[in-house]
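So you can see what is in the structure, the chains are spelled out below.
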Amino acid sequence: MLVIIDYGVGNVQSVTNAFRYIGSDITVSCDPAVIQKAHGLILPGVGASGYAMEKVAPIADVIKSEAAAGKPLLGICVGYQLLFEESYEMGTHQCLGLVKGKVVPIPTDMDLTIPHMGWNYVKFANGMKLFDGLGEGRHFAFANSFYAQVEDPEAKAAYTEYGIQVTGAVEKGNIFGTQFHPEKSAADGLQVLKNFVALCHEELKC
Amino acid sequence: MLTKRIIPCLDVKDNRVVKGVNFLNLRDAGDPVELGKKYSDEGADELVFLDITATLRSNKTIVELVEKVAENVFIPFTVGGGITKADEIGLLLRSGADKCSINTAAVNNPDLLKESAERFGAQCVVLAIDARRTVGKVGKWHVTVKAGSEPTDIDAVEWAIKAEKLGAGEILLTSMDADGTQAGYDIELTRAVAEAVNIPVIASGGAGTLESLSEVLDKGKADAVLAASIFHYGTYTIKETKEFLKQHGVPVRFV
């Protein structure tokens, strides 16, 4: 069983629909006992990361301890941004600190529309498990004004071009995250979710 | 590189997709659940669902329909039509919408944009503007409300600028003069708004030939195009549309 952590930020329904569609056993919950029993965790989220961190705070310790114990964790969009150490969206906010790096604004002086909204090409780093079977890169659906600067030597990152290099995804051991919305990125996005589900099942066999 | 988005629009009335000319003379165009799934599978970049009876806030059946459409749509999904409160956006997001478009209620109460952006994030707040050319003034458009039935004295470009400041994350800009005519988008209107704001602008109203789509994305500086009739009635498929755009140098995504 996988658990989508519902901490009251954004549309868990889209994420739930996608996991159901690919046939995975999914539960939506923010109960620490349920989170502890899960084989894998999904941390969604939209909106501002500071507000999201405030809402996730009561269950931050259980997420961190489960992640430290090796349970696969997939952060999506703002849920992904929370994986890093710090976010500078509307003030400075401490995040979960599972991957070294910080969340900063996309520069607004590049004559590009902000939010970065729509489908952009993400180039994968070699050996990223999340993108197994998808070749060197694919288009995914984004909706972000902030992005994560990854400073973790143990992490692999995938990038997209938007005036600058915007991080599209990260993985480090059992920690995975996508700035884009895999649940809203058609067949390629669903493949990312299937890959995550497969990783959770592998973990179970060990 | 960010691709330009092709967005089919489902205008929904009595659980059916309909399409009219200048918002009148409605024709049946199919089942919203089936059409939504078809477009999602065929490579549309987003889907818009507009309840043209503007009863989203009070109609349980419509919310259930949104849920059903969302179950089969794996591309960003915008829902609008008669939203008046931030709580209603919360309900639609919980029903599977990714963004909500607000029109008349934002004109009546601009702070609704601010409140919605603060609660749910600017990325899910779409301001819909139904604009009409102002007779006797070149290069001026005014905002209309209640599905285009009532004119206001608000300038469309100025309203877009104000909405961005209040927290709108995107503008869905419909030319009421062009809607349903298939005579081409209002390029001048689209460009005037796109150049005035930094948030993405979706051009709507008047999609006819594929040249008209290419033109509004290029000369009109739109980030996305919305179209209904040409897709519903099978004039062009999503794939044909994107192949044409690609040949004309517009960056698009293929499935």
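Residues numbered from 1 in each chain as written. Chains lettered and ligands numbered in written order. Predicted model: local features only at pLDDT ≥ 70, side-chain atom pairs only at ≥ 80, totals over all residues. Heavy atoms only, no water.

1. As for helix α3 (residues 86-94) of chain B
Selection criterion: Partly exposed residues are those whose accessible area sits between 20% and 50% of the maximum for their type, while under 20% is buried and over 50% is exposed, using a 1.4 Å probe and protein chains only. Going along the chain from the N terminus, every DSSP run of H or I of four or more residues is numbered as a helix, and every run of E of two or more is numbered as a strand. Only heavy atoms matter for contacts: two residues are in contact if any of them lie within 4.5 Å across the pair.
Within α3 of chain B, burial applies to A86, E88, I89, G90, L92 and L93 of chain B. For α3 of chain B, the elements touching its buried residues are α1 (12-21) of chain A together with α2 (60-71), β5 (77-80), β6 (99-102) and α5 (111-120) of chain B. Immediately downstream of α3 of chain B, the backbone of G96 of chain B shows phi near 115°, a positive value.

2. Description of the side chain of K99 of chain B
Note the cut-off: Whenever two N or O atoms come within 3.5 Å, that pair is a polar contact, provided that in protein one can donate a hydrogen and the other can accept it, and provided that, for residues adjacent in sequence, both atoms are side-chain atoms.
Relative to the helices and strands, K99 of chain B resides in strand β6. In this structure the side chain of K99 of chain B is engaged in a polar contact, spanning 3.1 Å, whose partner is the side chain of E46 of chain B. Among the polar contacts made by the side chain of K99 of chain B, one reaches the side chain of E170 of chain B at a distance of 2.8 Å. With residues up to four places along the chain from it excluded, the contact list for K99 of chain B reads M117 of chain A together with R5, E46, P76, F77, T78, V79, L93, Q123, C124, V126 and E170 of chain B.

3. A short note on the confidence of the model for chain B
Put simply, the rule reads: Each residue carries a pLDDT score, the predictor's confidence in it, ranging from 0 to 100.
Of the residues in chain B, 98% reach a pLDDT of 70 or more, and the chain-wide mean stands at 94. Of the two predicted TM-score estimates for the complex, the pTM is 0.96 and the ipTM is 0.95.

4. Re the packing of helix α6 (residues 156-166) of chain B against helix α7 (residues 187-196) of chain B
Any two packed helices are characterised by how steeply their axes cross, that is the angle between the axes, and by the distance between the axes. All names here are of chain B. Rule in force here: Between N-to-C directions, angles cover 0 to 180 degrees, with each direction set by a line fitted to C-alpha atoms, over the stretch in contact for helices. Angular relationships are summarised with four words: roughly parallel below 35 degrees, roughly antiparallel beyond 145, roughly perpendicular across 65 to 115, and oblique for the angles in between. Helix crossings get a hand from a simple test, with the near helix turned counterclockwise from the far one by less than a right angle marking a left-handed crossing and a clockwise turn marking a right-handed one.
Across the interface, α6 lies against α7 with an axial gap of 9 Å and an inter-helix angle of 30°. It follows that α6 is roughly parallel to α7 by the angle criterion. In this structure, α6 meets α7 at a crossing whose hand is right-handed. Here α6 contributes V157, A160 and I161 to the contact with α7, which in turn contributes A192, V193 and A196.

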